[in-house]
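Read off the chains here:
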Amino acid sequence: MADIMRVNMSDLSVKKEPLAAKYAKFVGRALTDAIIFNEVPPKSDPLGAQNKLVFAPGLFGGTTAPNGGRISVGAKSPLTGGLKESNAGGQVAHALAKLGLAAVVIEGKAADPAARYVLDIDGAGNGSLMRADELAGLQTYETAAKMREFKGDAKVALVTIGPAGELGAKAAGIAFSDPKEYQNRWAGRGGLGAVMGSKGLKGIAVAATGAGLEHADKDAFIAAVRKFSTALKEHPVTGQGLPTYGTNVLANIINEAGGYPTRNFSDGRFAGVENVSGETMREITVARGGDVKHGCHTGCVIQCSRYYVDKDGKYVTKGVEYEGAWALGADCGIDDMDGIAALDRKCSDLGLDTIEMGATLGVYMEAGKLAWGDWKGALAALDGIVTGSADGKVLRDGAEATGKAFGVTRIPTVKHQAMPAYDPRPIQGIGVTYATSTQGADHTAGYSITSNVLGVGGTVDPLKPEGQAALSQGLQIATGMLDSFGLCIFVAFAVLDNPAAFEAIYEMASAHTGDTWTADDLMMLGKQALTMERLYNEAAGFTAADDRMPSFMLTEKLPPHDAVFTVSDADLDSVFDFVPETAKAMGISKPV
Amino acid sequence: MRIELALFASLEPYLPDSEPGSGRRTRMIDLPDGTTVGEVVARLGLPDQPRVCFIDGRGVKEDATIAGGSRLAIFPPVAGG
Ligand code: SF4
């Protein structure tokens, strides 16, 4: 992977250039970070011409490394105002990597705001922009269907935005096609769909015809792949729990722990949880003949994905994934699985992040604008985002904007981004991640649920502050590495418990690249990614005051444990203590 | 003493055939005073694999003693996110 494709939306040129030396040692998330760090002014307008949108496969993109085909997407975020790196499944990472592309960078901004373009990347890895105004305003699945029509029988991986992205909604995401060509894998968080929309780019079609990448040492690579695959299949979580029930299997256990945020984070238990749990969802889906086990991209051996179908067995939406089922369920007091699926589909159609929108609807309901549990009313409210209703113009920018507009004081956000499906008061380790992550409130950034609740990678008492900062720090660094390698973070469940799984990662990296990767190198890559993100955010104006919980979580006791968040500011401020040293070793101090 | 037992995911088939509890995957069961989590696990014949146990919403080890009136919930290894 030696080339970077630069797509200039201002003059409509597309150029391929070799990866500059300063980027050569980075891949995936670290490369996304490095490009933004070096090229996007931290104070620039996220929806302006200076922002750049980066798509970067990880180190294992284009290979058979198990679960190694995730895509890193990043830009300066219109939601958080900081560096946003969002990670998704789908087929595009493998497709780009196989064409020799380390990154595609969307720059500038179309002169005509009414114009829509599609970037076509052909089987030789060359890109061209096509005017496609007829796609304006089309929903996600319609957009994908039209783009496939343009392409005829050609095998392509698609990247699209929905109408929310075109409108500049701060909750707009970017969708990717899965192996069965459903446009349903998402880089949802942080408003990256609005960045793509601001540039006039409606979609990207990438030829999915390239050959698998060569390895420096093929035999060693195959051996390491086997070792990794075996470790993933043998671990009870990655080998059984996730493939059988999907991510929504978490609903009951997080509810049991008293950390399942209910009706806008006012309770830690949801009375309707059994109607919307992973177990129940599996029963419904199996009874209706839906698919309950597949990978979100080719090469996934865990296979936690599934399709939710209606009573006639017709596809409705992906998953529903745990986060979406919670956000559009318990957080809004909704316990109707078909209602949740309809809302998930609506978010997908419009091109909106399900986590942000569920949290937004929870805040909206708390404001008395809609009754708790009213999923039909919620569907209509979401429609208002594209029809341009007065409330829709507020809702589209997320939970914080909605809370402020309607006078709600319980707003569950950090760095302007809504919290996902774990209340940080009874699960304090995830609170440290929410508070300190460069990404705003984000569970994937450092998934402390592992040791806090799931008994994976040791045990740290979730109700106490002790040990949470160290736990979150270790996980945030490890995630920085996994996201850079293009590995799904769910491999971490096996990696945390089985040293062979961890070894297999650096053995695969060494055999693939011909460079020697060690355990320390892996962690250093994670630290480097986080260091660039952290320094960028500082230059964008973030201070320690932004690494804090919303104040209601320090005082308002959450039932059933009557928990408040008690991790000290000093502990929170220690999480990024490695940044100065890492920056020095990298020879960087501040972004462009 | 009487407690509420909840078994989730792949453990659900091990629910005893006793009085239903508050939820779909729960039963009321009678146990001698001082019973530990591990003794319940053995009594139910749960598979020999790791599990995550809660008494009244707090994570516990298998040597924890259960008090009458409490709720014991047991999960196989699960995750997501
Ligand atoms: S485990 Fe799930 S999220 Fe991860 S790569 Fe596989 S299907 Fe995608």
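In this text, all values refer to a predicted model and were calculated from it rather than measured experimentally.

(A) Representation of the overall build of chain B. A count of helical and extended segments in chain B gives one helix and five strands. What you see in chain B, going N to C, is helices and strands ordered as β-β-α-β-β-β. Taken along its principal axes, the extent of the C-alpha atoms in chain B is 35 × 25 × 25 Å. Counting across all 81 residues of chain B, residues that qualify as buried make up 48%. Sequence separation of 24 or more characterises 57% of the internal contacts of chain B that already satisfy a separation of 6 or more. Surface exposure of chain B reaches about 3700 Å², of which carbon and sulfur atoms provide 50%. In chain B, the 9 positive side-chain charges and the 11 negative ones have mean positions that sit 6 Å from each other.

(B) Region of interest: the interface of chain B and chain A. Contact with chain B, which involves 21 residues of that partner, is made by 30 residues of chain A. Where chain B abuts chain A, roughly 2100 Å² becomes buried across the two surfaces, and 59% of that area is made up of carbon and sulfur atoms. Of all residues in chain B, Val78, Ala79 and Gly81 of chain B bury the most surface against chain A, accounting for 28% of the area lost on that side. A salt bridge links Arg25 of chain B to Glu274 of chain A; the shortest N-O distance between them is 2.8 Å. Linking chain B with chain A are 11 residue pairs in polar contact (both at pLDDT 80 or more), by the criterion used here. Every element with two or more residues in the side of chain B that touches chain A is listed here: strand S3 (52–55) and strand S5 (71–75) of chain B. Considered class by class, the residues forming the side of chain B that touches chain A number 10 nonpolar, five polar and six charged.

(C) A look at the confidence of the model for chain B. Of the residues in chain B, 100% reach a pLDDT of 70 or more, and the chain-wide mean stands at 94. We note a pTM of 0.97 for the whole complex and an ipTM of 0.98 for its interfaces.

(D) View of the environment of Asn252 of chain A. Residue placement: Asn252 of chain A occurs in helix H8 (residues 250–256). Residue classification places Asn252 of chain A among the buried positions, given a relative accessible area of 3%. Measuring from C-alpha to C-alpha, the distance between Asn252 of chain A and Ser510 of chain A comes to 40 Å, with 258 residues separating the pair along the chain. Residues contacting Asn252 of chain A, with those up to four places away along its chain left out, are Val273, Glu274, Ser277 and Glu279 of chain A together with Phe8, Arg25 and Phe75 of chain B. Within polar-contact distance, the side chain of Asn252 of chain A engages the side chain of Glu279 of chain A at 3.0 Å.

(E) Local environment of the packing of aromatic side chains. Residue and element names in this part refer to chain A. Throughout the structure, instances matching the rule amount to 18 aromatic pairs over all chains. An angle of 75° between the planes, with centres 6.3 Å apart, marks the rings of Phe55 and Phe176 as edge-to-face. Note that Phe55 is positioned in strand S3 (residues 53–57) and Phe176 in strand S10 (residues 174–177), a separation of 121 residues in sequence. Geometrically, the ring pair formed by Phe502 and Tyr506 is edge-to-face, given 5.8 Å between the ring centres and 85° between the ring planes. Of this pair, Phe502 and Tyr506 both sit in helix H21 (residues 499–513), four residues apart, which is roughly one turn of that helix. For the pair shown, Phe502 and Tyr506 are each scored as buried.

(F) Representation of the pattern of salt bridges within the structure. All names here are of chain A. Enumeration over the complete set of coordinates arrives at 45 salt bridges over all chains. With a shortest N-O distance of 3.3 Å, Arg131 and Asp112 are connected by a salt bridge. With Arg131 in strand S8 (residues 127–131) and Asp112 in the loop between strand S6 (101–107) and strand S7 (117–121), this residue pair connects regions lying 19 residues apart in the sequence. The class for Arg131 is partly exposed, based on a relative accessible area of 45%. The partner of Asp383 in a salt bridge is Lys346, with the nearest N and O atoms 2.9 Å apart.

(G) Expanded view of the pairing of S3 of chain A. Residues and elements named next belong to chain A. Judged by how many residues are buried, S3 sits mostly within the fold: five of five residues are covered. Here S3 shows no split at all, with Leu53, Phe55 and Pro57 on one side and Val54 and Ala56 on the other all buried. In the sheet, S3 pairs with S6 via three bridges, with the strands oriented antiparallel. Paired with Val54 across the bridge in S6 is Val105. Pairing between S3 and strand S4 (residues 71–76): four bridges, direction antiparallel. Opposite Val54, over in S4, you have Gly74 as the bridge partner.

(H) Focus on the domain arrangement of chain A. All names here are of chain A. Domains assigned within chain A are domain 1 (3–207) and domain 2 (424–497 + 518–592). Taken over C-alpha atoms, the centre of domain 1 sits 27 Å from the centre of domain 2. Listed as interface residues are 33 residues of domain 1 and, on the opposing side, 31 residues of domain 2. Each partner contributes to the roughly 2600 Å² buried at the junction of domain 1 and domain 2, and carbon and sulfur atoms together form 59% of this total. The largest share of the area that domain 1 buries against domain 2 comes from Arg29, Phe37 and Pro42, three residues that together contribute 32% of it. The interface formed by domain 1 and domain 2 contains two salt bridges.

(I) Inspection of the pairing of strand S5 (residues 83–88) of chain A at higher detail. Residues and elements named next belong to chain A. Counting buried positions along S5 yields six of six residues, so the element is predominantly enclosed. With six bridges joining them, S4 and S5 adopt antiparallel strand pairing. By the bridge assignment for S5, Ile71 is matched with Ala88. Two successive antiparallel strands, S4 and S5, enclose a turn made up of six residues, where Gly81 displays a positive phi of approximately 85°.

Calculation criteria
- Residues numbered from 1 in each chain as written.
- Chains lettered and ligands numbered in written order.
- Predicted model: local features only at pLDDT ≥ 70, side-chain atom pairs only at ≥ 80, totals over all residues.
- Heavy atoms only, no water.
- Helix = DSSP H or I, 4+ residues; strand = E, 2+ residues; numbered from the N terminus.
- Buried < 20%, exposed > 50% of the residue type's maximum accessible area, 1.4 Å probe, protein only.
- Contact = heavy atoms within 4.5 Å.
- Areas by Shrake-Rupley, 256 points an atom, 1.4 Å probe, with all protein chains shown as cover.
- Lys, Arg positive; Asp, Glu negative; His and termini not counted.
- Charge placed at Lys NZ, Arg CZ, Asp CG, Glu CD.
- Buried area = accessible area lost by both parts, 1.4 Å probe.
- Salt bridge = Lys/Arg side-chain N within 4 Å of Asp/Glu carboxyl O.
- Polar contact = N/O pair within 3.5 Å; in protein donor to acceptor, adjacent residues only side chain to side chain.
- Nonpolar A, V, L, I, M, F, W, Y, C, P; charged D, E, K, R; others polar.
- pLDDT = per-residue confidence, 0-100.
- Phe/Tyr/Trp six-rings, centres within 6.5 Å; stacked < 30°, edge-to-face > 60°.
- Pairing = 2+ DSSP bridges.
- Domains from an automatic or database assignment.

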